[in-house]
Amino acid sequence: MEKDSALYQLMDTRMHSVMNGIVSGDGEYQAILRKSDIYSGELDRMDL
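Scope of this entry: the structure provided in the associated data block.

All right, on to the overall build of the protein then. For the protein, the count of helices and strands is two helices and zero strands. In terms of its C-alpha atoms, the protein occupies a principal-axis envelope of roughly 45 × 30 × 10 Å. Here the protein, with 48 residues, has 0% of them falling under the buried criterion. Accessible surface for the protein amounts to roughly 4500 Å². Of this, 59% is attributable to carbon and sulfur atoms. Charged side chains in the protein number 5 positive and 9 negative. The centres of these two groups are separated by 6 Å.

What follows covers helix 2 (residues 27-46). Across its 20 residues, helix 2 extends 29 Å between first and last C-alpha, which sits within 8% of the 28 Å expected from 1.5 Å per residue. One side-chain oxygen at the N-terminal end of helix 2 lies 3.2 Å from the backbone nitrogen of Glu28; it belongs to Asp26. Once helix 2 ends, the next one or two residues include Asp47, with phi positive near 50°.

Before going further, it helps to examine a nonpolar patch on the surface. Together, Met15, Val18, Met19 and Ile22 make up an exposed nonpolar region whose accessible area comes to about 360 Å². Mapping Met15 onto the fold places it in helix 1 (residues 6-24).

Definitions and limits used
Residues numbered from 1 in each chain as written. Predicted model: local features only at pLDDT ≥ 70, side-chain atom pairs only at ≥ 80, totals over all residues. Heavy atoms only, no water. Helix = DSSP H or I, 4+ residues; strand = E, 2+ residues; numbered from the N terminus. Buried < 20%, exposed > 50% of the residue type's maximum accessible area, 1.4 Å probe, protein only. Areas by Shrake-Rupley, 256 points an atom, 1.4 Å probe, with all protein chains shown as cover. Lys, Arg positive; Asp, Glu negative; His and termini not counted. Charge placed at Lys NZ, Arg CZ, Asp CG, Glu CD. Expected span 1.5 Å × (residues − 1). Polar contact = N/O pair within 3.5 Å; in protein donor to acceptor, adjacent residues only side chain to side chain. Patch = residues over 30% accessible without salt bridge, like charges linked within 9 Å, V, L, I, M, F, W, Y side chains within 5 Å. Salt bridge = Lys/Arg side-chain N within 4 Å of Asp/Glu carboxyl O.

Okay, structure coming up:
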């Protein structure tokens, strides 16, 4: 299937909306994401 096709684009949009809905409702995932943001910021400040 060509990646430019309307069906492919529709499937891609649908998958993204479903996955975003799943991860936004997952408290454990959100906690991990916040913690990784903190560590990422610390690494940026170290200028490694």
